[in-house]
Amino acid sequence: MGPSTREQSSATKRALIADLLGAKRRQIATLATVSLLAGLAEAGLLATVAQVAASLSAGSHHVSGHIGPVHVHTTAPWMLAVAGALALARLALQIPAALIPARITSEVQRSLRTQLLEAFTSTSWAVQAADREGHFQELMSNQITQCSLSAVQATTLLTNSGMAFMLLLSSVALNPVAAGIIVVISVVLFAFLRPLSAAGKQAARRLAASQLAHSAQASEASRLAEETHVFGVGAAQRAEIGIAIDDVRDQFRRAQLMLRLVPGIYQSMIYILLVLGLLAVDRFVHGGLATLGAVVLLLVRAASYGNMMQSNYQALRQSLPYVSNVRSAETAYRSSIPHRGQRPLESISLVRFDDVGYAYSPDRGALEHVSFEVHEGQAIGIVGPSGSGKSTLSQLLLQLREPTHGQYLINNYPAREYREHDWHRLVAYVPQTPNLIHATLADNIKYYREFSEADVERAARLAGIHDDIVSWADGYETLVGPRADAVSGGQAQRICIARAVVGRPKLLLLDEPTSAVDLRSERIIQESLLALKGEVTLFIIAHRLSTLDMCDRVMVVMDGQLDAFAPLASLKDHSAYFAAVSATQHDAEPADANRE
């Protein structure tokens, strides 16, 4: 590694630490002051004890001599009282020395989680969708926990450095030669162990990456647990995840080895250099038994703090890659936060696509030259084969993605110009797969928004789920959630419809609302949609053509283009695809009639 590379690496480390603790300057300054005072108290205590010990060893109960520049002439008990006072002062200083780092660390952890959560929830849907499964969860849990350990090590390093500095400064007052010995020992040790520290940082970086990859696989295993049981592929899945587990184990072992090896080597070298240092003190330091004893005590304690500093420094370097991971992810999220305009939106009278296209990448186009107009209160069906662009079209309608070219207009103004709050108030969505949160039915319908009980009940009635809810013992307080046994698939879908309509939206998009429900639920959902027709502009992505009976017009999306857009009665004449699907589903109707 060349000098410039080392300088860049050091600058990066300093930047990460400053980023982590920069907002805590006052607390850091207070901690540094406390550490210096504690170090000064310990140095005075050691020097005083050395003077008393030297006097007592000579058979005298009087202490007469110099403690650095201060001449002392008093009794041993009085000096021991001073030593006791210094010991109590150092003990009292340990309270803020422990309290301040604990407060800093907890605030750093909270701040990182809050900022990352804000960035993730504010970024574009395109970025969220591109995130690997489990990536955000791993960042919010283990990676930020490791970041908080960076704060622990940084504050502990500061504390130990302050203590060591005051011991060094005190040793200068006793004898500059002894101070020089301490400095030489510290420099030699840090220089010798620098390559090992760098290797430890590399091991930590690889461990952080392995943990992210493993978390993604674990999250995927949880999500696909049902399919894994059905297909009997648990052993194969375990084997694949086992590779990631083994990799985490190997990287963890290397990181732990470096974390423990460096301080161990450092401590062993301290003993060797301590012997050499004492030989040097014996040869070059003059000033009596008391001075020699004080120098030895300072040397031992400085070496002890140096050992702890090395451990803190090594652990800090190994935790910094986690800080880098979290901050890099946060920066990526923030860089893709969509721009929102400030134009007020009171109603939606016109929805218009003007030559809209979208491409996921330069060689992967999803939609091309899509143009249409939809007026307030109309019900529009959307059909097409898998991969034709229906999902992309729906995401554009919901402003989850921005068109690559062309314009998406609401009331003849670009949709992105409207205020975010107004948009979310007037536009709603029912996904193909109903997603419930672990909460009461009422809270599932509200979905983190403020609505009255009357609003919730009105939405439930409109969605055809109210009668089911009141038949349960806990009614709207029934606890439901992912994989809960309390509700069926059709009921979950109707709960999501209630969630969508509780805010009285003006535009509602439903993605395959009846594709996975029984005939009873399908009829209830169709009745709900009929009740909404005319008041809400509806876009219904449908697989079953029976869902389209209520639609004023139907879009046929083929190969990323609008193949046809016409009333249902005449659509067979405009689209060969629709004519073929219509004939196929008509033949299948007798079998479908037995689904109940």
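Residues numbered from 1 in each chain as written. Predicted model: local features only at pLDDT ≥ 70, side-chain atom pairs only at ≥ 80, totals over all residues. Heavy atoms only, no water.

A.B. asks: What's the story with the overall build of the protein in this structure? I'm lost.
C.D. replies: Scanning the protein for helices and strands turns up 18 helices and 14 strands. In the protein, which comprises 596 residues, the share counted as buried stands at 45%. Partitioning the intrachain contacts of the protein with sequence separation of at least 6 by distance along the chain shows that 77% fall at a separation of at least 24. Working note: accessible area of the protein is about 29400 Å², and carbon and sulfur atoms make up 58% of it. (Helix = DSSP H or I, 4+ residues; strand = E, 2+ residues; numbered from the N terminus. Buried < 20%, exposed > 50% of the residue type's maximum accessible area, 1.4 Å probe, protein only. Contact = heavy atoms within 4.5 Å. Areas by Shrake-Rupley, 256 points an atom, 1.4 Å probe, with all protein chains shown as cover.)

A.B. asks: Is there a simple way to explain helix 16 (residues 519–532) in this structure?
C.D. replies: The periodicity of an α-helix, 3.6 residues per turn, causes residues three or four positions apart to be oriented the same way. Taking 1.5 Å as the rise per residue, helix 16 with 14 residues should run 20 Å; its terminal C-alpha atoms sit 20 Å apart, in good agreement. Where helix 16 is concerned, the buried positions are L519, S521, E522, I524, I525, S528, L529 and L532. (Expected span 1.5 Å × (residues − 1).)

A.B. asks: For this particular structure, what's the right way to read the sheet that holds strand 13 (residues 553–558)?
C.D. replies: Two strands in a sheet stick together by hydrogen bonds in their backbones, pointing the same way (parallel) or opposite ways (antiparallel). Taking strand neighbours across the sheet as the criterion, the six strands line up as 8-11-12-5-13-14 in an open arrangement whose pairing is mixed. At either margin of the open sheet sits one strand with a lone partner, and together these are strand 8 (427–430) and strand 14 (561–566). Across the sheet, the axes of successive neighbouring strands diverge by a mean angle of 15°, strand direction being ignored. In this sheet, strand 11 (residues 507–511) lies alongside strand 8 in parallel orientation, the contact comprising four bridges. Within strand 11, the residue paired with V430 across the bridge is L510. Sitting on the sheet, helix 15 (residues 489–501) is in contact with strand 8 and strand 11, with an inclination near 175° to strand 8. (Pairing = 2+ DSSP bridges. Axes fitted to C-alpha atoms, helices over the stretch in contact; angles between N-to-C directions.)

A.B. asks: I would appreciate a short explanation of the pattern of salt bridges in the present structure.
C.D. replies: Between side chains of opposite charge, a pair can form as their charged atoms come close. Inspection of every chain in the model, using the stated rule, returns 15 salt bridges. Between R327 and E330 there is a salt bridge whose closest N-O contact spans 2.6 Å. Highlighted residues: R327 and E330, both in helix 9 (residues 288–335), separated by three residues, approximately one helical turn. Comparing R327 with E330, the two get one shared label, buried. Residues joined by salt bridges that share partners form a network here, namely E118, R327, E330 and R334. (Salt bridge = Lys/Arg side-chain N within 4 Å of Asp/Glu carboxyl O.)

A.B. asks: I would appreciate a short explanation of the sheet that holds strand 7 (residues 413–414) in the present structure.
C.D. replies: The strand order across the open sheet built from four strands is 4-3-6-7, with neighbouring strands paired in antiparallel fashion. Looking at strand neighbours, the two that pair on one side only are strand 4 (364–375) and strand 7, the edges of this open sheet. Pairing between strand 6 (residues 405–410) and strand 7: two bridges, direction antiparallel. The partner of I410 across the bridge, within strand 7, is Y413. On the sheet, helix 10 (residues 390–397) packs against strand 3 (350–361), strand 4 and strand 6 and is oriented at approximately 125° with respect to strand 3.

A.B. asks: Explain the packing of helix 2 (residues 25–57) against helix 3 (residues 76–122) to me, please; I cannot follow it from the model alone.
C.D. replies: Relative placement of two packed helices is described by the angle separating their axes and the distance separating the axes. In contact at an axis separation of 8 Å, helix 2 and helix 3 are set at 155° when each is read in the N-to-C sense. In terms of orientation, helix 2 lies roughly antiparallel with respect to helix 3. For helix 2 against helix 3, the interelement crossing comes out left-handed. For the contact of helix 2 with helix 3, the class distribution of residues is 22 nonpolar, five polar and three charged. (Parallel < 35°, antiparallel > 145°, perpendicular 65-115°, else oblique. Left-handed = near helix turned anticlockwise from the far one by under 90°. Nonpolar A, V, L, I, M, F, W, Y, C, P; charged D, E, K, R; others polar.)

A.B. asks: Explain the environment of M79 to me, please; I cannot follow it from the model alone.
C.D. replies: Within the secondary structure, M79 sits in helix 3. Look at M79 and you get buried, because its relative accessible area is 3%.

A.B. asks: Would you explain the pairing of strand 4 in this entry?
C.D. replies: Regular strands place side chains that alternate from one sheet face to the opposite one. When strand 3 meets strand 4, the two strands line up antiparallel, connected through eight bridges. The partner of L350 across the bridge, within strand 4, is H375. Counting the residues in the hairpin turn of strand 3 and strand 4 gives two residues.

A.B. asks: Mind showing me how you'd approach helix 15 here?
C.D. replies: Helix length check: helix 15 (13 residues) gives 19 Å between terminal C-alpha atoms against 18 Å at 1.5 Å per residue, within 8%. The buried fraction of helix 15 is high, at 12 of 13 residues. Along its buried surface, helix 15 packs onto strand 8, helix 12 (441–446), helix 13 (453–462), helix 14 (466–470), strand 11 and helix 16.

A.B. asks: Explanation requested: the packing of aromatic side chains in the structure shown.
C.D. replies: Aromatic rings in a pair are described by how distant their centres are and how their planes are angled relative to each other. Tallied over the entire structure, the rule returns nine aromatic pairs. Both rings, one in F372 and one in F565, keep their centres 6.1 Å apart while their planes meet at 75°; by these two values the pair is edge-to-face. One end of the pair, F372, is in strand 4; the other, F565, is in strand 14, with 193 residues separating them in the sequence. One aromatic cluster is present, formed by F353, F372, Y408, W423, F539 and F565 through successive ring pairs. Over the face of the ring belonging to Y413 we find R343, whose NZ or CZ atom lies 3.7 Å from the ring centre. Residue placement shows R364 over the ring face of Y360; its charged tip is 4.5 Å from the ring centre. (Phe/Tyr/Trp six-rings, centres within 6.5 Å; stacked < 30°, edge-to-face > 60°. Lys NZ or Arg CZ within 6 Å of the ring centre and 35° of its normal.)

A.B. asks: Where do I start with the side chain of T105 in this structure?
C.D. replies: The residue T105 is located in helix 3 in this model. A relative accessible area of 12% places T105 in the buried class. Excluding its chain neighbours within four sequence positions, the residues that come into contact with T105 are S148, A151 and V152.

A.B. asks: Any chance you could explain unusual backbone geometry here in plain terms?
C.D. replies: Keep in mind that most residues, glycine aside, have a negative phi and that most peptide bonds are trans. Despite not being glycine, Q399 has its phi angle at roughly 60°, a positive value. Position of Q399 among the secondary structure elements: in the loop between helix 10 and strand 6. Positive phi outside glycine occurs at R504, with the angle close to 55°. Inspection of the secondary structure assignment puts R504 in the loop between helix 15 and strand 11.

Taken by themselves, the reported measurements are silent on function.
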